[in-house]
Amino acid sequence: MGIFVANALSGLWVGSPMVCLSLAAVLLGFVLWPIKSSRHGSAWTRHALGMASFFIGAALFQHHLATIPPDINAPRPATYTLLIDKTPKETDRSWLVDGRLTSGPYAGRRVRVRLVKASFATAINPAKFSAKPLRPGDKLAFHAAIEPPQSLGNPGEFDYAAFMRQNDLQGSAFCLRQQWRLLSDSIERISLPVRALRWRSYLVEQYAQHFSDTTLAIVSSLTLGDRSRLTADLREHFAQGGVSHILALSGLHLGILFALFHWLLLRHLWRRPARICGAAVCLLLVWTFVFISGLPASLVRAAVMLTLLQIGLLWRRHSNPLSGLMVAATVILVIWPQSLFDIGFQLSFLSVLGMLVILPRLTVPQVVVRHPLLAWIYNLFCVTCVCTLVTMPLGIYHFHNIPLYGLVANYIAIPFAWLVICLSLVFLILPFARVVTVFLLEVLIKSFAQLLAVIADWPLTDTKVYLPEASVWLIYVAMVAGYVAWTRRRLRLWSGTMAVCALVVAGVVCAHQATGQAVRPQLVFYHLRHSSPVHFIASARESYLWMPPSAAADSLSLQRVAEDFWVAKGIAEPMRFADRLSTPTIEVKAGTAVFAGRRVAVVSEQLPFAHGLKPLKVDYVLLEKGCSGRLDRVLTRYAPRQIVLSAGLSDYHRERYRREARRAGIAVYDLKTQGALIVPLY
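Let me sum up the structure you'll find in this document. (Residues numbered from 1 in each chain as written. Predicted model: local features only at pLDDT ≥ 70, side-chain atom pairs only at ≥ 80, totals over all residues. Heavy atoms only, no water.)

1. Examining the packing of aromatic side chains
Next, step 1: Enumeration over the complete set of coordinates arrives at 20 aromatic pairs.
Next, step 2: A centroid spacing of 6.1 Å and a plane angle of 80° characterise the contact between Tyr 483 and Trp 486, whose relative ring orientation is edge-to-face. Here Tyr 483 and its partner Trp 486 are both found in helix α18 (residues 469-487), 3 residues apart, which amounts to about one turn of the helix.
Next, step 3: Ring pairing ties together the aromatic residues Phe 536, Trp 546, Phe 577 and Phe 595, which thus form one cluster.
Next, step 4: Stacked on the ring of Phe 427, the Lys or Arg Arg 434 has its end atom at 4.5 Å from the ring centre.
Next, step 5: Positioned above the aromatic ring of Tyr 620, the side-chain terminus of Arg 641 is 5.1 Å from the ring centre. (Phe/Tyr/Trp six-rings, centres within 6.5 Å; stacked < 30°, edge-to-face > 60°. Helix = DSSP H or I, 4+ residues; strand = E, 2+ residues; numbered from the N terminus. Lys NZ or Arg CZ within 6 Å of the ring centre and 35° of its normal.)

2. Some details on unusual backbone geometry
Next, step 1: The phi angle at Ala 590 is positive, at roughly 55°, despite the residue not being glycine.
Next, step 2: By the secondary structure assignment, Ala 590 is in the loop between β13 (586-589) and β14 (592-595).
Next, step 3: Phi at Ala 596 is positive, roughly 50°, even though this residue is not glycine.
Next, step 4: Along the chain, Ala 596 turns up in the loop between β14 and β15 (598-603).

3. Notes on the side chain of Ser 531
Next, step 1: Secondary-structure assignment places Ser 531 in the loop between β8 (522-525) and β9 (534-537).
Next, step 2: Using a relative accessible area of 0% as the deciding quantity, one classes Ser 531 as buried.
Next, step 3: Of the polar contacts made by the side chain of Ser 531, one reaches the side chain of Asp 554; its length is 2.8 Å.
Next, step 4: Leaving out residues up to four positions away in the same chain, Ser 531 has contacts with Tyr 526, Pro 548, Ser 550, Ala 551, Asp 554, Glu 624, Ser 646 and Gly 648. (Buried < 20%, exposed > 50% of the residue type's maximum accessible area, 1.4 Å probe, protein only. Polar contact = N/O pair within 3.5 Å; in protein donor to acceptor, adjacent residues only side chain to side chain. Contact = heavy atoms within 4.5 Å.)

4. So, a nonpolar patch on the surface
Next, step 1: A contiguous nonpolar patch, built from Leu 308, Ile 311, Trp 315, Val 327, Val 331, Val 334 and Ile 335 and spanning about 610 Å² of accessible area, is present on the exposed surface.
Next, step 2: Of all the secondary structure elements, the ones that give two or more residues to the nonpolar patch are α11 (297-314) and α12 (321-335).
Next, step 3: The element contributing the most residues to the nonpolar patch is α12, with 4 residues.
Next, step 4: Note that Val 331 resides in helix α12. (Patch = residues over 30% accessible without salt bridge, like charges linked within 9 Å, V, L, I, M, F, W, Y side chains within 5 Å. Areas by Shrake-Rupley, 256 points an atom, 1.4 Å probe, with all protein chains shown as cover. Salt bridge = Lys/Arg side-chain N within 4 Å of Asp/Glu carboxyl O.)

5. Overview of the pattern of salt bridges
Close approach of charged atoms allows side chains of opposite charge to pair.
Next, step 1: One pass over the structure, following the stated rule, counts 18 salt bridges.
Next, step 2: With a closest N to O distance of 2.6 Å, Lys 117 and Glu 90 form a salt bridge. Of this pair, Lys 117 sits in the loop between β4 (110-116) and α4 (120-123) while Glu 90 sits in strand β2 (residues 89-90), and the two are 27 residues apart along the sequence.
Next, step 3: Given the relative accessible area of 11%, Lys 117 is considered buried.
Next, step 4: By relative accessible area, Glu 90 is classed as partly exposed at 38%.
Next, step 5: Of the charged contacts, one joins Arg 576 and Glu 573 as a salt bridge, the two residues approaching to 3.0 Å between their closest N and O atoms.

6. Observations concerning the sheet that holds strand β16 (residues 616-623)
What holds strands together in a sheet is hydrogen bonding between their backbones, with the strands either parallel or antiparallel.
Next, step 1: As summarised here, the arrangement of the 7 strands in space is β12-β13-β14-β15-β16-β17-β18, forming an open sheet in which the pairing is mixed. Of all strands in the sheet, those bounded by a partner on one side alone are β12 (581-582) and β18 (667-670).
Next, step 2: Where β13 meets β14, 4 bridges bridge the pair, whose relative direction is antiparallel. Looking at the pairing, Val 588 lines up with Ala 593 of β14. (Pairing = 2+ DSSP bridges.)

7. A closer look at the packing of helix α6 (residues 192-208) against helix α16 (residues 406-429)
Between two packed helices, both the angle of their axes relative to each other and the distance between the axes serve to describe the pair.
Next, step 1: Closest axis-to-axis distance for the α6/α16 pair is 11 Å, and the angle between their directions is 95°. Between α6 and α16, the angle falls in the class roughly perpendicular. In this structure, α6 contributes Leu 203, Gln 206 and Tyr 207 to the contact, and α16 contributes Ser 424, Phe 427 and Leu 428.
Next, step 2: Residue composition of the contact of α6 with α16, by class: 4 nonpolar, 2 polar and no charged. (Axes fitted to C-alpha atoms, helices over the stretch in contact; angles between N-to-C directions. Parallel < 35°, antiparallel > 145°, perpendicular 65-115°, else oblique. Nonpolar A, V, L, I, M, F, W, Y, C, P; charged D, E, K, R; others polar.)

8. Focus: helix α22 (residues 651-664)
Next, step 1: Its 14 residues place the ends of α22 20 Å apart at the C-alpha level, agreeing with the 20 Å of an ideal helix rising 1.5 Å per residue.
Next, step 2: Residues of α22 that are buried include every one of His 653, Arg 654, Arg 656, Tyr 657, Glu 660 and Ala 661, and no others. Summarising the axial view, the buried residues of α22 lie within an arc of 165°, below the 170-degree limit, and thus occupy one face. Of the exposed residues in α22, those oriented more than 90 degrees away from the buried face are Tyr 652, Arg 662 and Arg 663.
Next, step 3: Elements that come into contact with the buried residues of α22 comprise β16, α21 (631-637), β17 (638-645), β18 and α23 (671-674). (Expected span 1.5 Å × (residues − 1). Arc of directions from axis to C-beta.)

9. Some thoughts on the nonpolar core
Next, step 1: Judged by nonpolar contacts, the single largest core of 62 residues is most densely connected at Phe 211, Phe 238, Ile 246, Leu 254, Val 286, Phe 416 and Phe 448.
Next, step 2: Beyond its immediate stretch of four places on either side in the chain, Phe 448 contacts Phe 238, Val 243, Ile 246, Ile 412, Ala 413 and Phe 416. (Core = buried A, V, L, I, M, F, W, Y, C linked by side-chain atoms within 4.5 Å.)

10. Quick look at a positive patch on the surface
Next, step 1: A cluster of basic residues, Lys 89, Arg 114, Arg 227 and Arg 235, forms a positive patch on the protein surface.
Next, step 2: Tracing the backbone shows Arg 114 in strand β4.
Next, step 3: Looking at Arg 114, the relative accessible area reads 30%, which means it is partly exposed. (Lys, Arg positive; Asp, Glu negative; His and termini not counted. Charge placed at Lys NZ, Arg CZ, Asp CG, Glu CD.)

11. Side note on a negative patch on the surface
Next, step 1: A cluster of acidic side chains, namely Asp 233, Glu 236, Asp 462 and Glu 563, defines a negative patch on the protein surface.
Next, step 2: Relative to the assigned elements, Asp 233 resides in helix α8 (residues 232-240).

12. Considerations on the sheet that holds strand β10 (residues 543-546)
Next, step 1: The strand order across the open sheet formed by 5 strands is β11-β10-β9-β8-β19, and the pairing between neighbours is mixed. A single partner strand is all that each edge strand has here, and the edge strands are β11 (575-577) and β19 (677-680). Here the average twist between neighbouring strands, direction ignored, is 15°.
Next, step 2: Examined bridge by bridge, β10 and β11 share 3 bridges and lie parallel to one another. By the bridge assignment for β11, Leu 545 is matched with Arg 576.

13. Observations concerning the packing of helix α10 (residues 272-292) against α11
Next, step 1: Between α10 and α11, the least distance of the axes is 11 Å, while the angle of their chain directions is 175°. Classed by the angle they form, the pair α10 and α11 counts as roughly antiparallel. Every residue of α11 that contacts α10 at Arg 272, Arg 275, Ile 276, Ala 279, Leu 283, Val 286, Trp 287, Phe 289 and Val 290 is listed here: Leu 299, Val 300, Ala 303, Val 304, Leu 306, Thr 307, Gln 310 and Leu 314.

Now the structure itself:
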């Protein structure tokens, strides 16, 4: 709660008051600790420790914000050297690398750079271009302009700039092949996490020498946590099948590994000193695996819980799994406070919390207990149902997909994960058996991928569902209230009523959005890469989209806008037009549109001087790609209240129009730097 509140009020709070409050709360907890034996003293102690936890969380997050360098605000071409500290993502024509700048104007900042592999001549046939693979720890030099993190800002769009800052990236750059080169692949003077990722890259290269692309992508993701080779189609098939969780390293993978260690080693040790040494060796191997995998939050959580469980068993003490989960969450949030806002962290802890809280209260039928196979089927069914239930609202909100066939696919995915991990260990440990293991893994993984492709063609697998944020919160309130009604008889009436009311309100909010009733009349100047279509929205059932000539190059971007905004808000497909349109709602002619009392002009060519004509008063003038003349020519035709600069304009023309508009005393809105422009019409 401290981290959450500090993030919400980050613009109002500063670090030093949070540190003082946290120290005061901790001091209060220590003062009240000796009198905890009395009833009132115990209550005060709990309150003091709760305050201490709250303010410590707020102080940690404020310290994290204070350590983030400011964004790069003046992008100019310069020469930099960069140390790669994450696993690079390779495509046919480029590398996408994250790293820290070691020299140049912004030394010390972390940036993301897309490096083109070959020149235009060799890019036609990338197979002919062979280059040494990039690994974590490599150092390279490049010449480019580093730009600050930017989001297009279109309604409903993924906030890419916030994602970059959350991952401690202060800029991005694009670099052609002639403008970068590898300086050194030495692993000297690099941190231990980067060195671990480098070891992982060597293991992945061992896979790459024997496996095809699909098999390599799945086996490297499932066993080492390297998802850089997963294609969009492959990710979509796993998501539609409801088995994406096996691609993200978690307690499932760690449980499989520890079960193998237990079967090979621990079960043969009976004496206490030998068991302690064996458990220490197994935990060391487990944490080595966690470290090489890049320390994902789900795997760290599982490793902390497993360590606490083993310590409790060795000392013959009862270990509470729920307390282990809370300790794991505390450890992760103390080290990485920003992890609280990571979707992987949220889904991982929600699923485990649901299993620890709900599964022990389920009654197991006697028929199931007597048969091991039925027990396995029943337990897997319960685990899948509980994990799906507690994570579904959050998953739908972020991914807009319901895994309808996850209950069926998991009966295949779990044994599949067991076999892949076991065969991969044989592949890495026993080189002389690689011929057999490669054949088995190829057959196994390709068969599973084909099965997921078949499931993707089943009915309703590609159904998109959009949940408003308010509905997600209300559904989780209903879940908590329903659990209280299930477990507390005295509060059953009150909590049950609260759960029903929360579900009803959530349903009303969803229906209000799905039917388009939440849509108000507005103008939207979209921010696309090459153009800026203008959307005139009268209602959810009536809207018009003005398509400039350069919009043909942005068809894919416009499709994403349709999925994230139109479908999510219940807006029907707009009527598209390019030049003229006449309806009772909108009138468009000669490059000017009149809609709801507002006038919008679009200029996509060089206008001639209009001698003797009085400029037409308009609210907005959109300067599109193709407008290359001086602003004076536009102002002889129009008298705008505000000028909107399209992202399709070159940097030279955008800067020139900004200067000329400032001299003319006209407000300017730059879509490239400020994002999409939304004008409410009331």
